Amino acid sequence: MRLLVVGSGGREHVLAWQLVRDAASHNLHAAPGNPGIASLGTCHPLEATDIASLAQLAEQLAIDLTVVGPEIPLANGLTDAFHARGLRIFGPTRDAARIESSKVFAKTFLRRHGIAAAEFEVFDNPVAALAFVRRQKRPLVIKADGLAAGKGVVVAADVHEAERAVLDMMIRKVYGASGERVVIEDRLEGREVSVLVFVSGRNVFPLLPAQDYKRALDSDRGANTGGMGAIAPARVSLADLAQVVDEIIEPVASAMVDEGYPYTGVLYAGLMLTADGPMVLEFNCRFGDPEAQVILPLLEGDLAGAMIDTLEGRDPHLSWSDGAAVCVVVASDGYPGRHPTGIPIQIADAVPGTLILHAGTQVQGGRLATAGGRVLNVVGMGDSIVEARARAYVGVATVTFEGMHYRTDIGLSAAAEAAREGARVS
Ligand code: AMP
Ligand code: GLY
């Protein structure tokens, strides 16, 4: 099979790795890809947002399946353009991708269908938004309507922070047009979990649940980032998972069919497990990053085959290893703020059970160097979360570059809980 992966980060690297892992006969292409993906297939220097050129490339290469990493091309109609040329692609149409690309669309859709989520109001007038914020006694979350690279959400500690968020988004326009409209919603309390599912119309097939770590520093301190690590499977009860699928995911998929924009591809539900049951924080129209880096290594069997089965309305029969995976993101000095690039990277010999994924790297003068904030994703795999975590940090120790930083507590509390439970069982 001829496969094309769209995107250039760690998520796309793990997709490429998993797509060719058990099927050496697959022929892998990526656009634009990265130096890690280049060791698995052919990288083509096209931007992930260049829809016309991507469709042309897929046609020229006679690609059998295109898999899309990032949300922006989906929100801009990449899937629609592929469908118009009769090309097979795993990702939603522009209309279906609104579940991520417009928070107002997503929130009103959830309200219309009675799906559990925080209460909210929508504002396109900053004066009304400020008056609302000042009247509220409850803790609030302010969200820019449009895409903001995962940054357009402020969980406000108090009314002053909420006011500042409204001013930043609506007046100072720090997220550009994305913040001209905002959603203001109640803050939910609980444990967060990411549940990703393959969807084709009304049919949904859950992947293993995952947890990501959004803050820059240990113990969930510091600034919000695109993600500093992840674990899978997340520690979620089967009862909670069943409730998520029955009361959130399946009704959402069916309602999208009923409203005339059936979803296809992977749907990501960011959930809060509250005292009143699971509630939706957000949907994404793509794999999570870095959730994909821990979910996909645990998938057994042929990923491309599972995606094609899903697209064609068959059960993909997803099966999973009993083990666990832990991903530690190794970031540049200063990330998520300003950070240098072009810093040389050394990676020592591979460690068994460890995968080094490229997220923000480049080859400069024949040498590997940093090219972004999140540079490498080190994934440890093992029979247990304890073993996976140990391997991930052994893997991190094989990486060196000036100013590198990473969290030391990825999977720590899950490993401690697992160890306590093990002690109770024995
Ligand atoms: P989002 O981009 O909507 O997922 O929001 C980013 C992060 O903000 C989430 O992963 C949560 O940690 C937090 N968040 C979003 N909405 C809420 C909410 N209603 N209550 C508490 N935290 C939230
Ligand atoms: N890990 C969060 C996201 O991919 O949006």
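A few points on the structure. Nothing here was measured: the structure is a model prediction, and the numbers come from that model.

About the criteria used
- Residues numbered from 1 in each chain as written.
- Chains lettered and ligands numbered in written order.
- Predicted model: local features only at pLDDT ≥ 70, side-chain atom pairs only at ≥ 80, totals over all residues.
- Heavy atoms only, no water.
- Pairing = 2+ DSSP bridges.
- Helix = DSSP H or I, 4+ residues; strand = E, 2+ residues; numbered from the N terminus.
- Contact = heavy atoms within 4.5 Å.
- Axes fitted to C-alpha atoms, helices over the stretch in contact; angles between N-to-C directions.
- Near = heavy atom within 4 Å.
- Polar contact = N/O pair within 3.5 Å; in protein donor to acceptor, adjacent residues only side chain to side chain.
- Areas by Shrake-Rupley, 256 points an atom, 1.4 Å probe, with all protein chains shown as cover.
- Salt bridge = Lys/Arg side-chain N within 4 Å of Asp/Glu carboxyl O.
- Buried < 20%, exposed > 50% of the residue type's maximum accessible area, 1.4 Å probe, protein only.

1. Focus on the sheet that holds strand 3 (residues 42-43)
- Strand order across the open sheet formed by five strands is 3-2-1-4-5, with parallel pairing between neighbours. The sheet is open, and its two edges are formed by strand 3 and strand 5 (89-90), each paired on a single side.
- Note: strand 2 (residues 27-32) against strand 3, two bridges, orientation parallel. Within strand 3, the residue paired with His29 across the bridge is Thr42.
- Lying on the sheet, helix 1 (residues 10-21) is in contact with strand 1 (2-7), strand 2 and strand 4 (65-68); it crosses strand 1 at an angle near 170°.
- Sheet strands in contact with helix 11 (residues 303-311) are strand 1, strand 4 and strand 5, and its direction is about 95° off that of strand 4.

2. Let's talk about the environment of Ala55
- With respect to the helices and strands, the residue Ala55 is situated in helix 2 (residues 51-60).
- Separated by 23 residues in the primary sequence, Ala55 and Leu78 have C-alpha atoms spaced 7.9 Å apart.
- In contact with Ala55, not counting residues within four places along its chain, are Phe82, Arg85 and Leu87.

3. Here we look at the site of ligand 1
- Around ligand 1, 15 residues are found, and the nearest of them are Glu185, Leu188, Glu192, Lys214 and Glu282.
- Between ligand 1 and the protein, one listed contact pairs a nitrogen atom with a side-chain N or O atom of Glu185 at 2.7 Å.
- Considering ligand 1 on its own, with 470 Å² of exposed area, one finds that the protein chains cover 90% of that surface.
- Of all elements in the fold, only strand 7 (140-144), strand 8 (153-155), strand 9 (182-186) and strand 17 (277-284) reach the threshold of two or more residues within the shell around ligand 1.

4. Some thoughts on the pattern of salt bridges
- All chains considered together, the criterion is met by 24 salt bridges.
- In this structure, Asp258 engages Arg202 in a salt bridge whose closest nitrogen and oxygen atoms are separated by 2.8 Å. Linking Asp258 in helix 9 (residues 238-258) with Arg202 in the loop between strand 10 (191-200) and strand 11 (203-206), this pair joins segments that are 56 residues apart in sequence.
- The class for Asp258 is exposed, based on a relative accessible area of 56%.
- Three or more residues are tied together by salt bridges with common partners; here these are Arg88, Asp309, Glu312 and Arg314.

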